[in-house]
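Structural description and commentary
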Amino acid sequence: MKEVFTYCLTIDIVSSTRRLLEESTEVRNRFNIGLSKILPPFLKDYDLEDSIVKFTGDGWNINITQSGKLINLLTFILTFNKLFNERIQSITGIEFKKKWNLRSAISSGSDIKLEINGNSDFVGDSIRRAVRVSSFCDTDDILVDYSIYRDVVRDFNLELKKIDVKGSNKKFEFDIGEQLYSLIEAKFNDLANASIILKHFDDIGHIVEKNKIIEKTIKASSSDQLSDTELNNLDTIAVTLEQVGNRVASKEVYQKLKEKGYSRKLVSWNILMNKVDDFSSAKQVLDEMKQEGIKPNEVTYSTLMNKVDDFSSAKQVLDEMKEEGIKPDEVTFNTLMNKVDDFSSAKQVLDEMKQEGIKPDEVTFNTLMNKVDDFSSAKQVLDEMKQEGIKPNEVTYSTLMNKVGDFSSAKQVLDEMKQEGIKPNEVTFNTLMNKVDDFSSAKQVLDEMKQEGIKPNEVTFNTLMNKVDDFSSTKQVLDEMKQEGIKPDEITYSTLMNQVDDFSSAKQVLDEMKEEGIKPDEITYSTLMNKVDDFSSAKQVLDEMKQEGIKPNEITFNTLMNKVDDFSSAKQVLDEMKQEGIKPNEVTYSTLMNKVDDFSSAKQVLDEMKQEEIKPDLITYSTLFAKDTSGLSIRTIHLWYVQENDFHPSGPIEGLIKNLFNSNQIKDVYYLILHYPHLPISKKILSQNLEKAIENLEQFSKEKYYLEHINYAKGITYHVNSKYEKLNYHLKSIKDSNLGFKKKRDIEKLIELNENYP
């Protein structure tokens with residue numbers, strides 16, 4: 001425990017409990033959710049993100065410990081007081097008949113700083129004094145005591161509060177004094193605090209006052225007698241001008257400062273870079289920065305790296321960083337790792353990080369774990385993390401849980417997490433719920449979650465909703481969600497819509513969604529489109545979607561394409577998709593491929609897909625090999641598949657073998673079985689007639705290249721026909737062959753399985 005001098009702002013929403021009791025449950029819920037969302041953007045804008053915030057039920061207590069941010073705290077509450085009703089209406093979508101009134105008070109004092117469950121909190125004088133001061137507030141008052149007044153009187157207009165002490169049942173306590181002051185408005189006296197005052201005037205729409213600051217800033221920047229402090233203040237204002245959209249004025253001020261030999265500080269350049277939306281703009285900031293002779297640091301390059309879309313570009317940023325002689329840190333490598341697509345590449349980033357002498361942290365290992373495909377590999381990452389002396393957190397275990405295949409294993413992860421003394425959160429329980437197979441089990445997870453004192457959120461109920469089988473049960477989950485005070489979102493209603501059987505019912509869900517003030521998104525409309533029976537109706541859904549100002553995405557167009565009957569119409573959908581600037585994906589091309597009848601036409605679709613630099617997946621190749629191959633050489637098709645494609649899984653060959661077998665093209669069937677005897681369809685065919693299977697395999701024995709393949713296929717044949725002694729004979733003869741790692745591993749397993757047979 002540590003004693004700290006603290007400022008406390010207490011905000012009370014007047015009569016909120018009484019007023020909300022007069023409203024419907026839905027309105028109460030939406031208002032409460034609005035309160036949870038309204039504060040953070042204001043705190044960010046006024047550089048108060050490091051403050052300690054506690055929700056009191058009817059408002060908030062906000063504590064800061066830096067005296068330099070007292071101006072920020074007062075301009076924040078002036079802005080918040082002015083904009084509260086406008087913002088809460090925007091967030092909730094509710095037009096309240098009466099405005100909401102606030103009472104706010106600010107005081108200071110010595111507090112004890114505590115750490116409770118990993119969260120900071122304050123107890124002591126400042127909050128007690130602020131609460132007592134607030135008891136003298138009238139509607140929409142912002143009161144401060146003398147300890148605050150004396151420090152801010154230069155920058156704010158304050159009025160002495162007239163209080164009839166004799167006629168009041170309240171009394172002054174000695175520690176708040178007998179004089180309280182109403183905070184009326186901010187005022188601009190000089191440039192010392194002009195940046196934060198400028199932001200305030202911009203937010204509340206005081207254009208005249210804002211323009212006065214801009215005019216004085218431009219005028220001051222023309223002076224030849226500016227101290228270092230004044231130059232820094234002017235540049236801070238210039239950066240704020242950029243932030244509020246006055247870019248011309250910002251550049252004019254900075255240009256004048258440059259003419260005086262001033263150079264913008266590194267931290268300001270980094271802030272500017274963080275404000276831009278894309279890599280190109282961020283790169284321009286970096287170039288301008290270098291032209292100014294300012295050496296970027298690791299924060300600069302980590303920020304720049306965060307703006308790129310892929311690993312290759314991120315690696316170029318890292319290389320440039322090193323060429324500049326700037327040592328990357330763990331944030332840099334964590335950002336880099338986040339850009340890779342697979343575990344192997346992520347591991348290389350970790351190795352490089354260690355070679356650079358940079359110690360990974362929990363974010364590093366959580367990111368690394370996220371890149372693995374299975375639980376076993378994720379567990380190895382966890383073990384390595386512990387060996388490095390890095391303590392896993394709730395994100396680690398939630399990620400680990402996500403890698404298991406069933407509920408039982410997920411529950412074991414939860415138990416291990418608790419044994420480690422790590423408290424699960426809503427993400428943990430949402431992940432656990434996702435692993436169950438039925439609604440009853442999901443409901444048990446929800447009950448356990450509540451017993452742990454963890455409040456479910458919209459993701460919890462959306463996941464629960466996904467576990468039911470019919471519309472009626474889904475609707476019951478929605479009702480329970482609302483009773484819990486949790487506002488459904490667009491995913492909730494899209495899930496609900498997915499449970500209906502026809503377009504008319506889906507449309508009713510959409511109407512209900514809009515009545516709730518929830519804006520549908522592209523997923524909603526794609527789900528709605530999925531409920532229509534024909535292309536014409538699907539097109540009408542697309543038109544309605546655009547009229548709502550919702551931009552369709554690749555899922556929308558893939559769904560639309562699925563509704564057409566022929567390849568030509570599907571191609572038109574693809575062309576329209578590209579004209580809309582939407583990049584097709586592997587599902588798009590698999591759907592397009594589904595509209596053709598023969599292998600050659602399907603392969604043309606695949607070729608176009610590759611030209612678009614879209615990587616085919618398992619479904620793409622399964623769709624391709626399900627097509628008619630009449631008149632084509634199966635050997636040629638197979639050689640093309642394994643030689644010209646980096647990704648050539650064996651699964652899709654099953655469809656081709658099945659089609660050939662049904663067409664009685666036995667030689668082609670056994671040519672493929674020779675290469676893929678381990679497939680279920682191959683084993684099924686090989687088990688039908690042992691002698692015939694061996695005979696069909698032997699027909700390839702004249703080709704020396706296939707001898708090892710024949711012995712492998714024969715071993716599988718004898719295995720599925722329970723002829724174990726012959727199985728071992730054939731498999732042992734090729735144990736040390738060049739068949740490839742996977743086949744050699746399968747051979748070793750089969751030999752070990754049947755090792756009792758000579």
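For clarity, every value in this text was computed on a predicted model and none was experimentally measured. (Residues numbered from 1 in each chain as written. Predicted model: local features only at pLDDT ≥ 70, side-chain atom pairs only at ≥ 80, totals over all residues. Heavy atoms only, no water.)

Some words on the overall build of the chain
Each helix and strand counted, the chain has 40 helices and eight strands in total. Oriented by its inertia axes, the alpha-carbon framework of the chain measures out at about 110 × 65 × 55 Å. Buried positions account for 49% of the 758 residues belonging to the chain. Residue pairs at least 24 apart in sequence account for 64% of intrachain contacts in the chain once pairs closer than 6 positions are excluded. Summing over all exposed atoms, the chain offers an accessible surface of approximately 37800 Å²; the carbon and sulfur share of this is 45%. Here the chain contributes 101 positively and 128 negatively charged side chains, and the mean placements of these two sets differ by 1 Å. (Helix = DSSP H or I, 4+ residues; strand = E, 2+ residues; numbered from the N terminus. Buried < 20%, exposed > 50% of the residue type's maximum accessible area, 1.4 Å probe, protein only. Contact = heavy atoms within 4.5 Å. Areas by Shrake-Rupley, 256 points an atom, 1.4 Å probe, with all protein chains shown as cover. Lys, Arg positive; Asp, Glu negative; His and termini not counted. Charge placed at Lys NZ, Arg CZ, Asp CG, Glu CD.)

Structural notes on the packing of helix 24 (residues 490–498) against helix 25 (residues 503–515)
Between helix 24 and helix 25, whose axes approach to 9 Å, the crossing angle comes to 160°. The angle between the axes of helix 24 and helix 25 places the two elements in the roughly antiparallel class. As for how helix 24 packs across helix 25, the hand of that crossing is right-handed. The segment helix 24 lies against helix 25, with Glu-490, Tyr-493, Leu-496 and Met-497 engaging Ala-506, Val-509, Leu-510, Glu-512 and Met-513. Broken down by class, the residue content of the contact of helix 24 with helix 25 amounts to seven nonpolar, no polar and two charged. (Axes fitted to C-alpha atoms, helices over the stretch in contact; angles between N-to-C directions. Parallel < 35°, antiparallel > 145°, perpendicular 65-115°, else oblique. Left-handed = near helix turned anticlockwise from the far one by under 90°. Nonpolar A, V, L, I, M, F, W, Y, C, P; charged D, E, K, R; others polar.)

Regarding a negative patch on the surface
Where like charges cluster on the molecular surface, the negative patch consists of Asp-309, Asp-310, Asp-341, Asp-342, Asp-373 and Asp-374. Considering the arrangement of structural elements, one finds Asp-342 in the loop between helix 14 (330–338) and helix 15 (343–355). (Patch = residues over 30% accessible without salt bridge, like charges linked within 9 Å, V, L, I, M, F, W, Y side chains within 5 Å. Salt bridge = Lys/Arg side-chain N within 4 Å of Asp/Glu carboxyl O.)

What to know about the environment of Ile-214
Here Ile-214 lies in helix 7 (residues 207–221). Accessibility expressed as a relative area gives 9% for Ile-214, which makes it buried. Counting along the chain gives 16 residues from Ile-214 to Leu-198, while the straight-line C-alpha distance between them is 8.4 Å. If we skip the residues at most four places from it in the chain, Ile-214 touches Leu-198, Leu-241, Asn-246 and Ala-249.

Considering the nonpolar core
Counting 194 residues, the largest nonpolar core has Trp-60, Phe-76, Phe-80 and Phe-84 as its most contacted members. Broken down by element, this core gets its largest block of residues, eleven residues, from helix 3 (residues 70–92). One finds Ala-105, Val-133, Cys-137 and Leu-180 within the second-largest nonpolar core, a separate group that totals six residues. (Core = buried A, V, L, I, M, F, W, Y, C linked by side-chain atoms within 4.5 Å.)

Re the side chain of Lys-161
In this structure, Lys-161 sits in the loop between strand 7 (156–160) and strand 8 (180–186). The exposure class assigned to Lys-161 is buried, which follows from its relative accessible area of 13%. One polar contact links Lys-161 to Asp-141, side chain to side chain, over a distance of 2.6 Å. Not counting chain neighbours up to four residues away, the residues in contact with Lys-161 comprise Phe-136, Asp-138, Asp-141, Leu-143, Leu-180, Tyr-181 and Ser-182. (Polar contact = N/O pair within 3.5 Å; in protein donor to acceptor, adjacent residues only side chain to side chain.)

With respect to the pattern of salt bridges
All chains considered together, the criterion is met by 47 salt bridges. Several salt bridges converge on common partners, so that one network encompasses Lys-283, Asp-287, Lys-290, Glu-320 and Glu-324.

Here we look at the packing of helix 23 (residues 471–483) against helix 24
Each pair of packed helices can be described by the angle between their axes along with the distance between the axes. Direction vectors running N to C along helix 23 and helix 24 enclose 160°, while the axes themselves pass 9 Å from each other. When the interaxial angle is binned, helix 23 and helix 24 end up roughly antiparallel. The handedness of the crossing between helix 23 and helix 24 is left-handed. Here helix 23 contributes Phe-471, Thr-474, Lys-475, Leu-478, Met-481 and Lys-482 to the contact with helix 24, which in turn contributes Thr-492, Tyr-493 and Leu-496. Per-class residue counts for the contact of helix 23 with helix 24 are five nonpolar, two polar and two charged.

Some thoughts on helix 13 (residues 311–323)
With 13 residues, helix 13 ought to run about 18 Å at 1.5 Å a step, and its terminal C-alpha atoms sit 18 Å apart, in line with that. Looking at the buried positions of helix 13, the neighbouring elements they touch are helix 11 (279–291), helix 12 (298–305), helix 14 and helix 15. The opening residue of helix 13, the one whose side-chain oxygen lies 3.2 Å from the backbone nitrogen of Ser-312, is Asp-310. Of the residues trailing helix 13, Gly-325 is marked for its positive phi of about 75°. (Expected span 1.5 Å × (residues − 1).)

Side note on the confidence of the model for the chain
Summary statistics for the chain give a mean pLDDT of 84 and a share of 91% for residues scoring 70 or more. Long-range and interchain partners of residues 166–172, a stretch whose pLDDT sits below 50, account for ten contacts in this model, where long-range means more than four residues apart. (pLDDT = per-residue confidence, 0-100.)

Here we look at the pairing of strand 2 (residues 52–55)
A regular strand carries its side chains on alternate faces of the sheet. Of the pairings in the sheet, the one linking strand 2 to strand 3 (residues 59–64) comprises four bridges and is antiparallel in character. Looking at the pairing, Ile-52 lines up with Asn-63 of strand 3. Between strand 2 and strand 3, which pair antiparallel in sequence order, lie three residues; one of them, Gly-57, sits at a positive phi of approximately 105°. (Pairing = 2+ DSSP bridges.)

Looking at the state of the cysteines
For the structure shown, the criterion picks out zero disulfides. Here Cys-8 is not cross-linked by a disulfide; its sulfur's nearest cysteine counterpart is in Cys-137, at 12 Å. Classification of Cys-8 by relative accessible area gives buried; the value is 0%. (Disulfide = S-S within 2.5 Å.)

Description of helix 23
The end-to-end C-alpha distance of helix 23, which contains 13 residues, comes to 19 Å, matching closely the 18 Å that a straight helix rising 1.5 Å per residue would cover. Listed as buried for helix 23 are Thr-474, Val-477, Leu-478, Glu-480, Met-481 and Lys-482. At the N-terminal end of helix 23, a side-chain oxygen is found 3.2 Å from the backbone nitrogen of Ser-472, two or three residues along, and the residue is Asp-470. Just downstream of helix 23 lies Gly-485, where phi reads positive at about 80°.

Some remarks on the layout of surface pockets
Taken as a whole, the largest pocket spans an internal volume of roughly 900 Å³. Around the largest pocket, the lining comprises 31 residues; the ones closest to its centre are Asp-47, Ser-195, Thr-236, Thr-240 and Ile-271. Elements supplying a minimum of two residues to the lining of the largest pocket: helix 2 (25–45), helix 3, helix 6 (194–204), helix 8 (228–243) and helix 10 (266–275). Per-element accounting of the lining of the largest pocket gives the leading share, eight residues, to helix 8. Taken together, the residues of the lining of the largest pocket break down into eleven nonpolar, eleven polar and nine charged. (1 Å grid on protein atoms, 1.4 Å probe; cavity = no way out; pocket = protein on both sides within 12 Å on 5 of 7 lines; lining within 4 Å. Points joined across faces, edges and corners; volume = space filled by probe spheres on them.)

Some details on the pairing of strand 3
Counted residue by residue, strand 3 has six buried out of six residues, so it is predominantly covered. Because side chains alternate across strand 3, one face comprises the buried residues Gly-59, Asn-61 and Asn-63, and the other comprises Trp-60, Ile-62 and Ile-64, equally buried.

Quick notes on the packing of aromatic side chains
Per the counting criterion, the structure on display carries 17 aromatic pairs. Geometrically, the ring pair formed by Phe-599 and Trp-640 is edge-to-face, given 6.3 Å between the ring centres and 90° between the ring planes. Linking Phe-599 in helix 31 (residues 599–611) with Trp-640 in helix 33 (residues 634–644), this pair joins segments that are 41 residues apart in sequence. With respect to burial, Phe-599 and Trp-640 carry one shared label: buried. Each residue in the set Phe-42, Phe-55, Trp-60, Phe-76, Phe-80 and Phe-84 is aromatic and connected to the rest through ring pairs, giving one cluster. Seen from the ring of Tyr-254, Arg-264 lies directly overhead, with NZ or CZ sitting 3.9 Å from the centre. Arg-264 extends its terminal NZ or CZ atom over the ring of Trp-269, reaching a point 5.0 Å from the ring centre. (Phe/Tyr/Trp six-rings, centres within 6.5 Å; stacked < 30°, edge-to-face > 60°. Lys NZ or Arg CZ within 6 Å of the ring centre and 35° of its normal.)

Digging into the environment of Asp-190
The residue Asp-190 is located in the loop between strand 8 and helix 6 in this model. Sequence separation between Asp-190 and Lys-514 is 324 residues, and the spatial gap between their C-alpha atoms is 49 Å. Of the polar contacts made by the side chain of Asp-190, one reaches the backbone nitrogen of Ala-192; its length is 3.0 Å.

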